[in-house]
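Analysis of the macromolecular model
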Amino acid sequence: MYHKVRIHLTILFTLVTSVLLTALLSVSFYLSARQQFSLQLSSFAGQSQTVVDSISEQNILTADWLTSREKAAGFRIYLWDNDVELFHNRAYSSSVSSVYSGYLPAPTDGRTLKQTSGAADISVGYRGIFPEILYYHKQLVRNNSTLKIYFLQSLNPLYAHVKTSLFLYIALLIGSECLLMLFCWYFTGRLLKPLLDSQISQNRFIAGVSHELRTPLAVILANASACEKAPVKEQKTFFQVIAREGAQMSTMLEQLLTLSRADSHGLALRIEAADLQTLLLETYENFLPLATDSGHHLTIRLPETEIPLCECDSFRIRQVCHILLHNALSYTPEGCSISLFLADGSYEKEISIGVQDNGPGIPTAEQAKIFERFYRGHSEQKGHHGLGLAVAKEIAAAHKGSLKVANAEGGGALFILTLPLRYNPS
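So, here's what we can say about the structure.

Rules behind the numbers
- Residues numbered from 1 in each chain as written.
- Predicted model: local features only at pLDDT ≥ 70, side-chain atom pairs only at ≥ 80, totals over all residues.
- Heavy atoms only, no water.
- Patch = residues over 30% accessible without salt bridge, like charges linked within 9 Å, V, L, I, M, F, W, Y side chains within 5 Å.
- Areas by Shrake-Rupley, 256 points an atom, 1.4 Å probe, with all protein chains shown as cover.
- Salt bridge = Lys/Arg side-chain N within 4 Å of Asp/Glu carboxyl O.
- Helix = DSSP H or I, 4+ residues; strand = E, 2+ residues; numbered from the N terminus.
- Buried < 20%, exposed > 50% of the residue type's maximum accessible area, 1.4 Å probe, protein only.
- Axes fitted to C-alpha atoms, helices over the stretch in contact; angles between N-to-C directions.
- Parallel < 35°, antiparallel > 145°, perpendicular 65-115°, else oblique.
- Left-handed = near helix turned anticlockwise from the far one by under 90°.
- Contact = heavy atoms within 4.5 Å.
- Nonpolar A, V, L, I, M, F, W, Y, C, P; charged D, E, K, R; others polar.
- Core = buried A, V, L, I, M, F, W, Y, C linked by side-chain atoms within 4.5 Å.
- Phe/Tyr/Trp six-rings, centres within 6.5 Å; stacked < 30°, edge-to-face > 60°.
- Lys NZ or Arg CZ within 6 Å of the ring centre and 35° of its normal.
- Pairing = 2+ DSSP bridges.

1. Here's the deal with a nonpolar patch on the surface
- Residues Ile7, Ile11, Leu15 and Trp185 make up a contiguous nonpolar surface patch of about 380 Å² in total accessible area.
- In terms of residues, the nonpolar patch owes the most to one element, helix H1 (residues 2-57), which gives 3 residues.
- Of note, Trp185 is situated in helix H3 (residues 156-229).
- Residue classification places Trp185 among the partly exposed residues on the basis of a relative accessible area of 35%.

2. A word on the packing of H1 against helix H2 (residues 63-73)
- The contact between H1 and H2 brings their axes to 11 Å, and the two run at 165 degrees. When the axes of H1 and H2 are compared, the pair comes out roughly antiparallel. Viewed along their axes, H1 and H2 form a crossing whose handedness is right-handed. The segment H1 lies against H2, with Gln47, Val51, Ser54 and Ile55 engaging Trp65, Arg69, Ala72 and Ala73.
- When the residues that make up the contact of H1 with H2 are grouped by side-chain class, the tally is 5 nonpolar, 2 polar and 1 charged.

3. Structural notes on the nonpolar core
- With 51 residues, the main nonpolar core has Leu276, Ile351, Ile353, Phe415 and Leu417 as its most contacted residues.
- With 8 residues, helix H6 (residues 314-331) is the largest single contributor of residues to this core.
- Leaving out residues up to four positions away in the same chain, Phe415 has contacts with Leu324, Ile353, Gly354, Val355, Ile362, Ile370, Phe371, Leu389, Lys404 and Val405.
- Phe44, Val51, Ile149 and Val162 belong to the second-largest nonpolar core, a separate cluster that totals 24 residues.

4. Topic: the pattern of salt bridges
- In total, this model carries 2 salt bridges according to the counting rule given.
- Put simply, Glu70 and Arg76 hold a salt bridge, and the shortest N to O gap is 3.5 Å. One exposure class covers both Glu70 and Arg76, and it is buried.
- Salt-bridge contacts for Arg318 lead to Glu282; the nearest nitrogen and oxygen are separated by 2.9 Å. Of this pair, Arg318 sits in helix H6 while Glu282 sits in helix H5 (residues 276-293), and the two are 36 residues apart along the sequence.

5. Details of the packing of aromatic side chains
- A full pass over the atoms with the stated rule returns 11 aromatic pairs.
- On the basis of an interplanar angle of 35 degrees and a centroid distance of 6.4 Å, the ring pair of Tyr78 and Trp80 is categorised as tilted. Accessibility assignment for this pair places Tyr78 and Trp80 in one class, buried.
- When the centroid spacing of 6.0 Å and the interplanar angle of 20 degrees are considered together, the rings of Phe183 and Phe187 count as stacked. Taken together, the residues Phe183 and Phe187, both in helix H3 and 4 residues apart, mark about one turn of the helix.
- The structure contains a cluster of three or more aromatic residues connected by ring pairs, namely Phe44, Phe75, Tyr136 and Phe151.
- For the cation-ring pair, Arg6 lies above Trp185, with the distance from its terminal atom to the ring centre recorded as 3.9 Å.
- In this structure, Arg301 packs its charged tip against the face of Phe341, placed 4.3 Å from the ring centre.

6. Topic: the sheet that holds strand S12 (residues 402-407)
- The strand order across the open sheet built from 5 strands is S8-S10-S11-S13-S12, with neighbouring strands paired in mixed fashion. Here the strands that pair on one side only, and so sit at the sheet edges, are strand S8 (297-301) and S12. Each strand of the sheet is rotated relative to its neighbour by a mean of 15 degrees, with strand direction disregarded.
- Its contacts with the sheet put H6 on S8, strand S10 (337-342), strand S11 (350-357), S12 and strand S13 (413-420), and the angle it makes with S11 is roughly 20 degrees.
- Strand contacts of helix H8 (residues 388-398): S12 and S13, with the helix running at about 130 degrees to S12, the strand carrying the most contacts.

7. Describing the pairing of S10
- The element S10 is extensively covered by neighbouring structure, given that 5 of its 6 residues are classed as buried.
- For S8 and S10, the ladder comprises 5 bridges, and the chain directions are parallel. Bridging across to S10, Leu298 finds its partner in Ile338.

Below, the structure is given as structure tokens:
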């Protein structure tokens, strides 16, 4: 599905952009050809008039002089003195070549001469629909003698140059379209990557939820079935198991709901000015009995100076502290120390809450993965679904803060939740 959509989008983008590029290059080529023709016309008119001026100033014309002028200007000069062609069968051969046939002394054989605006006395000779020659005629009268001068220049060299330019434009167009197709393929890949990642994440999420729900549901169904056949005195044990598994499922569903709201940017926060010292003390008192029962040593460390109030959702921040402390109690051996504290700082722009233990710590390779959903590393702790840290990460992000993990210097894991003192939703 992804590859089909990518191919179709690539073809669509390439075709649309190719049409625009082709139109742009076509207009550019047309304007370039028109400019070359205009330059050719202006050059022909100027050089022809220069030759006429030179002839009018000279009393003697030679074949060598005419030949040199023709080579310099790139056109043919034909002279008639009282309707007699000059220099015929002499060193200068003025015999009319096939390309100029029919244009001297006047257009014949179906050829036409079109007066061209912008250059006086310049006409364009056509054979069919394409211009064939440039034609310039001048007549000088001197001492009862009439000298007719005809200048003719073939446009074939110009067409050859335009043809070469056309091939270059076509090559440029083909090369541009190939590069354009590669860019469209790369661009559509980048464009669809978030959708692909979202689809993969969604499939993984659904698979993880299905896997996590399968076990407690199986336990609940098995105990419910056993409860039907068990004596009344033994049913209490099965009810306790059902209640425990049901509570775990409720916790997991609540975490899933939080993540779903975060994904849709709908994680609602009730921002208020909160005293984090009081919040941490209450959290410490709530977890102290649980830590004592599990054989852990829980401590709290607060700054002696007064700290400013923090604009946050106290319920969500308390939820993050519960997740971090619950993980520390679950993943550290009995007898380990766990510390809940406010990190030292200037408290001008931000404030940090830390949870540190002296357990085995977290391998460096896993530190970047533990915030992924359903990731539990090599641990299979009962009651942990790999969602808690993902929820905590989303809550920190919703507050425009951060949640980071590192291994403490003395050993163990260290989690730091950093929050801005002033909440800015933008």
